[in-house]
Amino acid sequence: MPKRTLDDLLSNGALTEGQRALTRVDFNVPLEGGADGSEPRVADDLRLRAALPTVERITQTGAKAILMSHLGRPGGERDASLSLRPVAERFEELLGRPVHFCEETVGEKAEAVIEQLTGGGVVLLENTRFAPGEKANSDAFAEALAALGDVFVGDAFGAVHRAHASTVGAARAMQLDDGRPAAMGRLVERELKALGRLVEEPASPFVAVLGGAKVSDKLGVIERLLGVADRLLIGGAMSYTFMRAQGRNVGDSLVEDDRVGDAERLLADAGDPLLLPEDHVAASGLDDEAEHQPVEGALPNGQMGVDIGPATAERYGEAIRRAQTVAWNGPMGVVEQERFAGGTRAVAQAVADATDDGAYTVAGGGDSAAALSQMGFADDISHLSTGGGAMLQFLEGEALPGVEVLSDR
Ligand code: ADP
Ligand code: MG
């Protein structure tokens, strides 16, 4: 069933001047600094820029944009290091108009701030995950959020796979209470369209690239992609669970012991289309002094694989440059450290080249998208998804609760 969009709300008069658009955005961005007592800063603003079209559209109408988001994992308690205040400051710079910050997420104080907001005004509420009711999707917290809006706008693509109070509960409460509509924002609309192109008759050769931390996060999508992609290139820490399944030595690399059986089964089912790294960057550890060098084949004891090696980067790059469709999720190595980011950078360059040659390319994942954005590849890929788990869940063909909950058209 097609879902209502922000444009639908505007064209049918459901959102007009002075009204409150309670908008779930995904401002879960990486922060830097803060440890030395200084205020943390936004390390990558891809997700903030991605929210601009929706917020601009709301404010142009003269409606109030009431923004809510989670940030990190504060575990249901207030944690000053995970306040959204520095995010509000950065978003204000990007939006080019005042963004008020409210230290409370719900309640009288939040209601008063919203009341005082003029039409076209913007307020960001404090981290929804400071409240235990957010992840529990408690009725009380969902209703407290719902009290802040006349309409609900779901635009947090990175969080649509989670049924929390701010993504699902509040939208449901508003519709149930008195038929206040819930619609998708422009980012969610754009993401669904872009990712949809990957599953609806993708042009071949279709090359999928999966990396990142864990096989367990990506088992479902590996199985699904093996059914549609011509090649599946594996990198990142999950390579080592596969290598262990092949009976090869992985030294001190990260392995999910309880997934070795799954990896074995996938290798047997997949056959030739599944490629594993043939060389690695091996390091004695992750600290600054740790020595590192390329190694071929198995990893010696005392060494951990931290990136795909140069020969693998070359081979993966070639497969990607020949592709007509590319789907990529998860970095090829410990991308946070420049020394171990070479494989990810090489794959990004190959994806950019393929895009240049006319391929349709999508990359995503929280850590991957932030890394690609910081490396300057954001505009060189057909679509850089702001979603991690949400992108995977979509590719697996599973429903997204934050979309399902929205009003039908
Ligand atoms: P995404 O957020 O893009 O979906 P994941 O969260 O699955 O990606 O994985 C990203 C994390 O995986 C990064 O923190 C990165 O350091 C880590 N990682 C990638 N390769 C390795 C490796 N070989 N060893 C240890 N950690 C790795
Ligand atoms: Mg991640």
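The preceding data block contains the structure.
The text that follows walks through the structure, step by step, so that each part is easy to find. (Residues numbered from 1 in each chain as written. Chains lettered and ligands numbered in written order. Predicted model: local features only at pLDDT ≥ 70, side-chain atom pairs only at ≥ 80, totals over all residues. Heavy atoms only, no water.)

1. A short note on the sheet that holds strand β15 (residues 325–329)
Stated formally: Any two strands with at least two DSSP-identified bridges between them are counted as paired. Secondary structure elements follow DSSP: runs of H or I no shorter than four residues count as helices, runs of E no shorter than two count as strands, and numbering proceeds from the N terminus. Working rule for contacts: check all heavy atoms of both residues, and any pair within 4.5 Å makes them a contact. For helices, the fitted axis covers only the stretch in contact; all axes are lines through C-alpha atoms, and the angles between them, taken along N-to-C directions, range from 0 to 180 degrees.
Spatially, β11-β10-β9-β15-β16-β17 is the arrangement adopted by the six strands of the open sheet, whose pairing is parallel. The sheet is open, and its two edges are formed by β11 (274–275) and β17 (383–384), each paired on a single side. In this structure, β15 lies alongside strand β16 (residues 360–364), joined through five bridges in parallel fashion. The residue bridging Val326 from the neighbouring strand is Thr361, located in β16. Contacting β9 (206–210), β10 (231–234), β11 and β15, helix α12 (residues 310–321) crosses the sheet at an angle of about 150° to β10.

2. Overview of the site of ligand 1
To keep things clear, this is the line we draw: Near is defined per residue: the residue qualifies when any heavy atom it owns lies within 4 Å of the molecule or strand. Think of a polar contact as two N or O atoms within 3.5 Å of one another; within protein, one of them needs to be a possible hydrogen donor and the other a possible acceptor, and neighboring residues in sequence only count if both atoms come from side chains. A 1.4 Å probe and the Shrake-Rupley method give the accessible areas. Residues count as covered only by the protein chains that appear here. Gly falls in the polar group here, along with every residue not listed as nonpolar (Ala, Val, Leu, Ile, Met, Phe, Trp, Tyr, Cys, Pro) or charged (Asp, Glu, Lys, Arg).
By nearness alone, 19 residues border ligand 1, and Ala213, Gly305, Glu336, Asp367 and Ser368 come closest of all. Contacts to ligand 1 include Ser368, whose side-chain N or O atom sits 2.4 Å from an oxygen atom. Computed on the free molecule, ligand 1 has an accessible area of 580 Å², of which 85% lies beneath the protein chains in the complex. Going through the elements one at a time, β14 (304–308) and α14 (366–374) are the ones with two or more residues in the shell around ligand 1. Tallying contributions element by element places α14 first for the shell around ligand 1, with three residues. When its residues are assigned to classes, the shell around ligand 1 shows seven nonpolar, nine polar and three charged.

3. Description of the pairing of β14
Counted only if it meets this: The rule is simple: take the accessible area with a 1.4 Å probe, protein chains only, and divide by the maximum for that residue type; under 20% is buried, over 50% is exposed, in between is partly exposed.
With five of its five residues buried, β14 lies for the most part within the structure. Across four bridges, the pairing between strand β12 (residues 279–283) and β14 is antiparallel. Pairing of Val281 across the sheet is with Asp307, part of β14.

4. Details of the sheet that holds strand β13 (residues 292–296)
Spatial ordering of the open sheet is given by β13-β12-β14, a layout of three strands whose pairing is antiparallel. Each of the sheet's edge strands pairs with one partner strand only, and the pair in question is β13 and β14. Across the sheet, the mean angle from the axis of one strand to that of its neighbour is 40°, orientation sign disregarded. Across five bridges, β12 lies against β13 in antiparallel orientation. Each residue of the ladder has a partner; that of Ala283, found in β13, is His292. Strand contacts of α12: β12, β13 and β14, with the helix running at about 35° to β14, the strand carrying the most contacts.

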